[in-house]
Amino acid sequence: MSPRIVPASTDAVRRRATPLTITVDGVPVTGAAGQSVAGVLLADGRRAWRSGPSGAPRGVFCGIGVCFDCLVTVNGERDVRACRRRVCDGDVVTTQSREAGEER
Amino acid sequence: MSRHVVIVGAGPAGLAAAAAALRAGARVTLLDASDRPGGQYHRMLPAEYEAENNGRLHHGWDDFDRLREHVLTHPRAEWWPDSSVWSLERADDGTSTPRVHVLRGPADGTGRERHVLMPDALVLATGAHDRVLPFPGWQLPGVFTAGAAQALAKGERVVVGDQVVVAGSGPFLLPVAASLLEAGSDVREVLEANPAATVLRGWSTRPWELASQTGKAAELAEYTGLLARHRVPYRLGRTVVEARGDGRVEEVVTARLTADWTPVPGTERTVAVDAVCVTHAFSPQLELPVAAGCELRDGFVHVDEAQRTTAPGVYAAGEITGIAGAPASRAEGLLAGWTAAGGDPSDRAVRSVVRRRDQGRAFAARLAAAHPVGTGWPDWLRPDTLICRCEETDYRTLRAAAEDPATGAPRAVRLGTRAGLGPCQARICGPAVADLCGRSPDRAVPGLASASHHRRPVAQPIRLGELAAPPAGPPEKEGEQHP
Amino acid sequence: MRVVVVGAGIVGAACARELARSGFAVTVLDRGGPAAATTAHGEGNILVSDKGPGPELELAKLSRRLWPEILDGLPNRGGVEWDAKGGIVVATTEDGARELARFAEGQRAVGVIAEPMDERTLAAAEPHLTRDVAAAVHYPDDAQVQPSGAATALLADALRHGAELRTGCELLGARVEGGRLTGVRTSGGVLPADLVVNAAGPWSGETASRLGAPVDVRPRRGEVLVTTPLPPTVFHKVYDADYVGAVGSGAQDLQTSAVVESTRAGTVLLGSARRRVGFDDRIRPHVLAEIARKALRLYPGLAGAQVMRAYGGFRPYVPDHLPVIGPDPRLPGLWHATGHEGAGIGLSVGTALLLRELATGSAPSLDPEPFRADRPAVLGADASEGAA
């Protein structure tokens, strides 16, 4: 199994889910308005989207903007903490790598 | 002209500070990096969720909601969401309040505006984050801090996994497990690293000091009841010593620990998981207090009876002065805001606040006694265990540098191994590197700042283009140009 | 012969290494840790490009020759991060271009390789550099090290050759017998010495005063910005020709000039600022902003790069901008190796060699006269600079 979002229909906090779509390395991913980039990626079942200097996969660790492990490029802006940036409909997210020789 | 008080952080301490400063007649600017107030404790759902019952996920929601409403709509208050303080600049004369350099705009944006605030007083309420000790495999996706699991669950209803082990130390393990259960995950077990003897000894001495913390005690009792109903084992004296998996965590190895957190050989067990949530302690976010020149004691900002730090015009409240939970943070915030605004700390109006603050400090002391971080944990490291996640510095490399007399001083270790020099700037590995190198920081001499891992003169990343752009004029506020 | 080296920065480490390898019994002392102060707060420059013909350029050329030889002899040189990347100096105005051409011409006359670059070679060498450049000169001999790693590697070699290191040990004063320095008093007791080397960088003035022979070495503040690791963007050490003017200036006010280069870790270092502010160690946002503005003029594409760190250090500065190397005739037994300002990383090894040659009475590799400790600028006679 994998990370997921509590469905709005059964969520005891009684909330709305306004769908939106972003692309991640060109692939459309749907999320809900108000989510963080990290939240959308996790709810899409992704655990990792960045690689460290050795090429090993990394995803969310601290979730509150401290560890800088979840960095992504959003609409061409590098090094955005995915856990702190709220998504906008149409955001173009590309993943990053610290591995030598990787241009991303 | 009323005093202008700038408050950094809108969690329990900062929000309380704002309310008290307003009550004392000050003009208040309340800043937070997030777009909603509440901090980590009262992390709100996004406005776009239009949640009818956000309070269901929280304790003390109604009080928080009232306080938030009061502060954010107050005519003398200005609320700056999405505002990162990237630099605090000590004054030339050494006696005035530091200048506050702020970036306003979406997190890590490119076109955020620079602002410079010159307040009469500054209240720092920047809180704390999980301290996770390194262990083999902790860099695998699926290993989260407990705070991450909590922020995702409370902040946007995302659950980190379905089969989860929660491990580390302290009462915070319980609400994290509760959030996961509430969202339908299977919490395999909750592991408190300290043995029962340590926890009981810490909590049972001077029991009268606990009487004041009934709210906190009831909250904890509720969590333990929930764990029992879901038949989640709560084990003491055991922790996660390794995470394993191919590209993501698939299982964890747990082991029994001695009182000082040395793993006991032969007690290892393997548990299949798709996520693990870890917190061994809390790290106060000290870059701003350090930039302001505040003296630290025992790893926290030293404050006097009125929440004054040793830096002129700078007050501190909440977890940067000690870890004692939200009620204590609120009491500290009230007192800090009151005195920052020019209120008399011996005023009758704040007498009960002072009492609650003192009770909070006593609570912090016993929390620290009940849930200390042991010294035996390096035993669970292997030579290739990563210590610095950003730069992938491993234990072997760090030890080799630390043991060589030519390279063993803290600054040289850092520059030579790159531990702490990556994007997180030692926020995560700083305490572990300091422990593992076993050296006190280089002595501070005139003109040579200490090598403290809390020193981050650029307190939050700022893009070159933003830095190059001139700051926007001080918004409205006459008086701000001539402090 | 017993030697005490005061200061475990790169100059002290290089001197300790040379002297220990020549059989001196060396003790290095530092009130902090090794490579903790000025050495840890620079960019790691080993430059010939920023020096006009004269004694400092000769010392730079000697040092540039020595570095690869020394590194080859070190068992563990990985941390040094030696990178002979070469420097590119650009002029952004027509006046600047004429000045740069004249400067490079003078350097070529004394054997520096300084190759004018046309638009195409420049674009190929630095594709992200602004096209708005009036002239550019390539200096293939400019190099870079990780300065703390370089200093600790030199120090480790000194220790291997019998030197002793005492950290957290502060120099308090001199032991003088018969008008001669015979040891130093320290927080850790008296250390007997036949020769004391003052390599305390910006604190050399204070050190010399404590020993009873004051020298006019002052601190000058410099700041550096560090970006997060980026894909390769900057391939040489690239700087604006007005840097040379700023280096040689005695002005008190803030002077900035663009210096841009990347490190092995992928970060980009951005300098440079020079200010005379005593030992005021505040990192000032207006200084960082000015550095950012100048750097973006050269690399506009870096506007989106995140600055994750800034550091500042103090450089040891003598009013006539020349290092002080050699014995102090006022106090037999006292020697100086200081005053290198922002060039100490590169010049350390040449300085150490010269000092050792003078101490052992061998023929010096270059004329030591211009670096004499008893020249007027060092003795504080040059009052025209005013108080810092």
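Note that residues are indexed from 1 along each chain, following the sequence as it is written. Ligands are numbered from 1 and chains lettered from A, in the order in which they are written. Local features in a predicted model are, by the rule used here, given only for residues with pLDDT of at least 70; side-chain atom pairs are given and counted only at 80 or more, and totals for whole chains, interfaces and linings are based on all residues.

When you go through chain B residue by residue, the secondary structure sums to 13 helices and 24 strands. All radius of gyration figures rest on C-alpha atoms, and the globule criterion is 2.2 Å times the number of residues raised to 0.38. Against the globule reference of 23 Å for 483 residues, chain B gives a C-alpha radius of gyration of 22 Å, in line with a compact fold. Once the C-alpha set of chain B is aligned to its principal axes, its extents read approximately 70 × 55 × 45 Å. Three classes are used. A residue is buried when 20 or more other C-beta atoms lie within 10 Å of its own, exposed when 12 or fewer do, and partly exposed in between, with C-beta atoms placed from the backbone. With 483 residues in all, chain B has 59% of them scored as buried. Under the scheme used here, helices are H or I runs from DSSP no shorter than 4 residues and strands are E runs no shorter than 2 residues, and both carry numbers assigned from the N terminus.

Of the regular secondary structure elements, chain A holds 1 helix and 8 strands. Written out in order from the N terminus, the α and β elements of chain A read β-β-β-α-β-β-β-β-β. In summary, chain A has a C-alpha radius of gyration of 14 Å against a globular reference of 13 Å for 104 residues, a match within 12%. Its C-alpha atoms give chain A principal-axis dimensions of about 45 × 25 × 25 Å. Across the 104 residues of chain A, 48% fall into the buried class.

The next thing to look at is the interface of chain B and chain A. Counting residues at the interface gives 50 residues for chain B, matched by 47 residues for chain A. Ten residue types, Ala, Val, Leu, Ile, Met, Phe, Trp, Tyr, Cys and Pro, are classed as nonpolar, four, Asp, Glu, Lys and Arg, as charged, and the remainder, Gly among them, as polar. Split into classes, the residues belonging to the side of chain B that touches chain A amount to 23 nonpolar, 12 polar and 15 charged. Two strands qualify as a pair provided DSSP detects at least 2 bridges between them. Where strand β1 (residues 4–5) of chain A and strand β10 (residues 158–159) of chain B come together, 2 bridges link them in antiparallel fashion. Among the inter-strand pairings, R4 of chain A is bridged to a residue of β10 of chain B, identified as V159 of chain B. Note that contacts rest on C-beta atoms placed from the backbone: two residues are in contact if these are within 7 Å.

The figure often quoted for interface size is the accessible area lost as the parts come together. By convention here, the domain bounds are inherited from an automatic or database domain assignment. The assigned domain composition of chain B is domain 1 (4–127 + 285–369), domain 2 (131–278) and domain 3 (377–438). For domain 1 of chain B and domain 3 of chain B, the distance between their C-alpha centres works out to 32 Å.

As a further point, take the environment of V190 of chain B. Residue and element names in this part refer to chain B. Secondary-structure assignment places V190 in strand β12 (residues 186–192). Taking the C-alpha atoms as reference points, V190 and T205, separated by 15 residues in sequence, lie 25 Å from one another. In contact with V190, not counting residues within four places along its chain, are V166, L173, A177, L227, V232 and Y234.

Taken together, the contacts link 5 residues of chain C with 5 residues of chain A. Counted by class, the side of chain C that touches chain A contains 2 nonpolar, 3 polar and no charged residues.

Attention now moves to the pairing of strand β15 (residues 251–256) of chain B. Residue and element names in this part refer to chain B. Sheet topology places strand β14 (residues 238–244) next to β15; 6 bridges connect them, and they run antiparallel. Residue pairing in the sheet places R244 in a bridge with E251 of β15. In sequence, β14 turns back onto β15 through a hairpin of 6 residues, with G245 there showing a positive phi of about 155°. Sheet topology places β15 next to strand β16 (residues 269–272); 4 bridges connect them, and they run antiparallel. Paired with V252 across the two strands is V271, which belongs to β16.

Residues and elements named next belong to chain B. Mapped onto the secondary structure, G225 falls in helix α6 (residues 214–229). A count of 11 C-beta atoms within 10 Å places G225 in the exposed class. Sequence spacing of G225 and A178 is 47 residues, and the spatial spacing of their C-alpha atoms is 9.8 Å.

Now for the sheet that holds strand β1 (residues 4–8) of chain B. Residues and elements named next belong to chain B. Read across the open sheet, the 5 strands follow the order β3-β2-β1-β7-β21; overall the sheet is parallel. Of all the strands in the sheet, the pair left with one neighbour each is β3 (77–80) and β21 (314–316). Taken pair by pair, the neighbouring strands of this sheet meet at an average axis angle of 20°, ignoring direction. Here β1 runs beside strand β7 (residues 121–124); their pairing, made up of 4 bridges, is parallel. For V5, the partnering residue across the bridge sits in β7 and is A121. Helix axes are fitted only over the stretch in contact, all axes being lines through C-alpha atoms; the angle between N-to-C directions runs from 0 to 180 degrees.

Residues and elements named next belong to chain C. Burial along strand β8 (residues 164–167) is one-sided: the face carrying L165 and T167 is buried and the face carrying E164 and R166 is not. Sheet topology places strand β2 (residues 25–30) next to β8; 4 bridges connect them, and they run parallel. From the neighbouring strand, D30 faces β8, where its bridge partner is T167.

In this section: the nonpolar core. Most often, soluble globular proteins keep nonpolar side chains buried together rather than apart. All names here are of chain B. By size, the foremost hydrophobic cluster in this structure holds 295 residues, and its most contacted members are A17, A21, V123 and V276. At 9 residues, helix α1 (residues 12–23) tops the list of elements feeding residues into this core. Once residues lying within four places of it in the same chain are set aside, the contact partners of A17 are I7, V123, A125, A317, G333, L334, A336 and G337. Definition of nonpolar core: a set of buried Ala, Val, Leu, Ile, Met, Phe, Trp, Tyr and Cys residues joined via C-beta atoms within 7 Å.

Let's shift gears to the packing of helix α2 (residues 55–72) of chain C against helix α9 (residues 344–360) of chain C. Residue and element names in this part refer to chain C. As a packed pair, α2 and α9 sit with axes 7 Å apart at the nearest point and diverge in direction by 95°. The angle between the axes of α2 and α9 places the two elements in the roughly perpendicular class. Side by side, α2 and α9 meet where L59, A60, L62, S63, L66, W67 and I70 of the first sit next to G346, L347, V349, G350, T351 and L353 of the second. Its residues placed into classes, the contact of α2 with α9 shows 9 nonpolar, 4 polar and no charged. Angles below 35 degrees are treated as roughly parallel, those above 145 as roughly antiparallel, those between 65 and 115 as roughly perpendicular, and all remaining angles as oblique.

Let's shift gears to the packing of helix α10 (residues 395–403) of chain B against helix α11 (residues 410–417) of chain B. Axes are the key here: two packed helices are described by the angle between their axes and the distance separating the axes. Residues and elements named next belong to chain B. The geometry of α10 relative to α11 is characterised by a closest axis approach of 9 Å and an angle of 140° between their N-to-C directions. With respect to each other, α10 and α11 are oriented oblique. Between α10 and α11 lies a crossing of right-handed hand. Contacts from T397, L398, A401 and A402 of α10 reach α11 at V413, G416 and T417. Should the near helix be turned anticlockwise from the far one by less than a right angle, the crossing is termed left-handed; should it be turned clockwise, right-handed.

So, about unusual backbone geometry. Between G271 of chain C and S272 of chain C the backbone carries a cis peptide bond, its omega angle lying at -5°. As for its position among the elements, S272 of chain C is in strand β16 (residues 268–274). Positive phi, normally seen in glycine, also occurs at D298 of chain B, with a value near 50°. Turning to its location among the elements, D298 of chain B is positioned in the loop between β19 (296–297) and β20 (300–301). Judged by local crowding, D298 of chain B falls into the exposed class, with 7 C-beta atoms found within 10 Å.

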